[in-house]
Amino acid sequence: MTTAPTTDRRPIALDFPRLLTGSGPGYDEHLRTLGPLPDHRGLIEEVERSGLTGRGGAGFPTARKLSAMTPRGVVIANGSEGEPLSAKDEWLLRQRPHLVIDGMLATARATDAKQLHLVVGPASEAAARQAVGERRDARGIEVTVTQERFVSGEASAVVHLLTSGDALPTDHTVRLTTRGLRRKPTLVQNVETLAHIGVIARFGAAAFRSVGHPADPGTRLFSITGDVQHPGVTEAEGGTPLRSVIGVASPRSVAGVLVGGYHGTWVGREALERPLALPTMPGAIPAGAGILMVIGEGTCGVRTTAEIAEYLAAESAGQCGPCVNGLPALAELVARLAHGDRNHGLVGEVERMLTLVDGRGACHHPDGTARIVRSAMRTFAADIEAHRHGHCLAAR
Ligand SMILES: Cc1cc2nc3c(=O)[nH]c(=O)nc-3n(C[C@H](O)[C@H](O)[C@H](O)COP(=O)(O)O)c2cc1C
Ligand code: SF4
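Residues numbered from 1 in each chain as written. Chains lettered and ligands numbered in written order. Predicted model: local features only at pLDDT ≥ 70, side-chain atom pairs only at ≥ 80, totals over all residues. Heavy atoms only, no water.

Side note on the environment of S164
Position of S164 among the secondary structure elements: in helix α7 (residues 155-164). Only 3.2 Å separates the side chain of S164 from the backbone nitrogen of D166, close enough to count as a polar contact. (Helix = DSSP H or I, 4+ residues; strand = E, 2+ residues; numbered from the N terminus. Polar contact = N/O pair within 3.5 Å; in protein donor to acceptor, adjacent residues only side chain to side chain.)

Rendered as structure tokens:
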């Protein structure tokens, strides 16, 4: 997908710079627009008041993670973006790298961390190195390029990359904030989350909360792709209806939307007025890492899910039972649904396999794969039934 921002068509008007607005990638312009990063005291309390939650997918309250850190730890900015449908982290690192660096420096100061790592995908390496090289206060930041695979951005995989050079998840029973990189307390935070911290450190919690919904304050970035005329990255307030967010990308038609990427949830047209937000907001569709893939009326959701399930099965770290045995079997069953297998028991077999993989891995890869397949079974139930009778609703 192209990563051209759809800034000119954003559905929100903001009275101070957020992520898509404000300065360009250079440090001089960043300083001219925003001024130097204040030496913010009480940042953790300010982040708590802001209600900021992680933008890497799970939506965990950021202040709780910051409070769990003990001194002399490690801050890792996670710009791995292993998800193929996501473009926001690359966009941020190429266009607003100094906001991410501000967030890293402010977080390290607030938690008394002594090591800083910025982990990026290959496409963001040059921009990240250039930005770090531009400022004296960023000299301690080490930039590491990760491998392009789906699970490379999982928090333990990011830590493993820095110790062994291999971005694969590891089985860890103790929280990373207690014992992470080389046994030190380690904070892994998505680069967008850190960019929001850069905003909060300057403008404060009240300003951050001045847009969005009380249950999902502030803004979030969305990567929009699929059957749309203007794929790209946009920024919207927490709680904005799905229809408004995808509207900026001009969908050709909407038969369904995959919200949250390959580990996300399919919804149908009837969900277009629902807000994209944290799952705690009533009626919300969980926004996750802000990935939206639209499928139009000519695209079969069951086939699309079968392709994604096959990809996810091949992308596991191949270490745990549910990934080694379960995901390939699940992908095979979904492929049979997609290609018109008339077996009555197939839907039941898929459901049985979902219970066998869900929650059984060392990381959440099997759970995320189960989530997208389960949502496809619900959202495309009529399509699955049509396939069993030798038709495809998308082909009419
Ligand atoms: C399979 C898998 C892949 C993930 N990929 C990413 C990723 O590419 N980038 C990211 O920031 N978080 C990713 N996460 C989430 C991280 O484990 C972690 O929760 C996140 O980086 C924490 O940052 P946050 O609290 O700011 O969201 C992934 C999780 C899983 C289970
Ligand atoms: S659950 Fe899968 S992806 Fe996660 S660590 Fe185990 S084998 Fe790797």
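Description of the sheet that holds strand β1 (residues 74-79)
Taken in spatial order, the four strands make up an open sheet running β3-β2-β1-β4, and their pairing is parallel. At either margin of the open sheet sits one strand with a lone partner, and together these are β3 (141-145) and β4 (186-190). The average undirected angle you get between the axes of adjacent strands in this sheet is 20°. Strand direction decides the pairing type here: β1 and strand β2 (residues 115-120), joined by six bridges, are parallel. When the sheet's bridge partners are listed, A77 is paired in β2 with L118. Sheet strands touched by helix α6 (residues 125-134): β2 and β3. Its angle to β3, the strand with the most contacts, is close to 170°. (Pairing = 2+ DSSP bridges. Axes fitted to C-alpha atoms, helices over the stretch in contact; angles between N-to-C directions. Contact = heavy atoms within 4.5 Å.)

Points about the site of ligand 2
With respect to spatial proximity, the complete set of residues near ligand 2 consists of P169, A317, G318, Q319, C320, C323, G361, A362, C363, H365 and P366. Split into classes, the residues belonging to the shell around ligand 2 amount to seven nonpolar, four polar and no charged. (Near = heavy atom within 4 Å. Nonpolar A, V, L, I, M, F, W, Y, C, P; charged D, E, K, R; others polar.)

Let's talk about the domain arrangement of the protein chain
Taken domain by domain, the protein chain comprises domain 1 (7-209), domain 2 (217-295) and domain 3 (301-395). Its C-alpha centre places domain 1 at a distance of 23 Å from the equivalent point of domain 2. Contacts between the two partners involve 29 residues from domain 1, matched on the other side by 26 residues from domain 2. The junction of domain 1 with domain 2 conceals about 2,300 Å² of combined surface from both sides, 66% of it contributed by carbon and sulfur atoms. Between the two partners, domain 1 and domain 2, sit zero salt bridges. Counting every contact that joins domain 1 to domain 2 gives eight residue pairs in polar contact (both at pLDDT 80 or more). Counting only elements with at least two residues in the side of domain 1 that touches domain 2, the list comes to α4 (88-95), α8 (191-203) and α9 (205-209). Here the element with the most residues in the side of domain 1 that touches domain 2 is α4; it accounts for three residues. (Domains from an automatic or database assignment. Buried area = accessible area lost by both parts, 1.4 Å probe. Salt bridge = Lys/Arg side-chain N within 4 Å of Asp/Glu carboxyl O.)

Quick notes on the nonpolar core
The biggest cluster of nonpolar side chains holds 45 residues, and the ones touching the most others in it are L118 and I141. The residues contacting I141, other than those within four sequence positions of it, are I101, M104, L105, L116, L118 and V132. With 38 residues, the next largest nonpolar core counts L258, Y262, M293 and M377 among its residues. (Core = buried A, V, L, I, M, F, W, Y, C linked by side-chain atoms within 4.5 Å. Buried < 20%, exposed > 50% of the residue type's maximum accessible area, 1.4 Å probe, protein only.)

Focus on empty space enclosed by the protein
With the rule as written, the count across this model stands at three cavities of 30 Å³ or more. Quantified by volume, the largest cavity comes out at close to 60 Å³. Those elements that provide at least two residues to the lining of the largest cavity are α1 (27-34) and α5 (97-111). If one sorts the elements of the lining of the largest cavity by residue count, α5 sits on top with three residues. Across the lining of the largest cavity, the residue classes break down as five nonpolar, six polar and two charged. Around the second largest cavity, the lining residues are V302, T305, V334, L337, V373, A376, M377 and I384. Of all the secondary-structure elements, those providing two or more residues to the lining of the second largest cavity are α11 (301-314), α12 (321-338) and α14 (365-379). For the lining of the second largest cavity, the leading source of residues is α14, giving three residues. (1 Å grid on protein atoms, 1.4 Å probe; cavity = no way out; pocket = protein on both sides within 12 Å on 5 of 7 lines; lining within 4 Å. Points joined across faces, edges and corners; volume = space filled by probe spheres on them.)

Focus: the site of ligand 1
Neighbouring ligand 1 are 18 residues, the closest being G56, K65, A155, N190 and T193. Contact between ligand 1 and E81: an oxygen atom at 3.2 Å from a main-chain N or O atom of the residue. Backbone polar atom of G82 to an oxygen atom of ligand 1: 3.1 Å apart, as the coordinates give it. Relative to its free-state accessible area of 610 Å², ligand 1 is covered by the protein chains to the extent of 86%. Top contributing element to the shell around ligand 1 by residue count: β4, with three residues. Among the residues making up the shell around ligand 1, the classes are represented as four nonpolar, ten polar and four charged. (Areas by Shrake-Rupley, 256 points an atom, 1.4 Å probe, with all protein chains shown as cover.)

Describing the pairing of strand β13 (residues 291-295)
With respect to burial, β13 is a largely interior element, five of its five residues being buried. Burial of the side chains of β13 extends over both faces: I291, M293 and I295 are buried on one face and L292 and V294 on the other. Both strand β7 (residues 219-226) and β13 contribute to a ladder of four bridges, which runs parallel. Residue pairing across strands places T225 opposite M293, the latter belonging to β13. As paired elements, strand β9 (residues 256-259) and β13 share four bridges and run antiparallel to each other. Of the residues in β13, the one forming a bridge with G256 is I295.

Considering the packing of helix α13 (residues 346-357) against α14
Two numbers describe how α13 lies on α14: the axes approach to 9 Å, and their chain directions differ by 155°. As judged from the angle between their axes, α13 and α14 are roughly antiparallel. For the crossing formed where α13 meets α14, the hand is left-handed. Here V347, V350, E351, L354, T355 and V357 of α13 come into contact with α14, specifically with P366, D367, A370, V373, R374 and M377. Of the residues that constitute the contact of α13 with α14, the class distribution is eight nonpolar, one polar and three charged. (Parallel < 35°, antiparallel > 145°, perpendicular 65-115°, else oblique. Left-handed = near helix turned anticlockwise from the far one by under 90°.)

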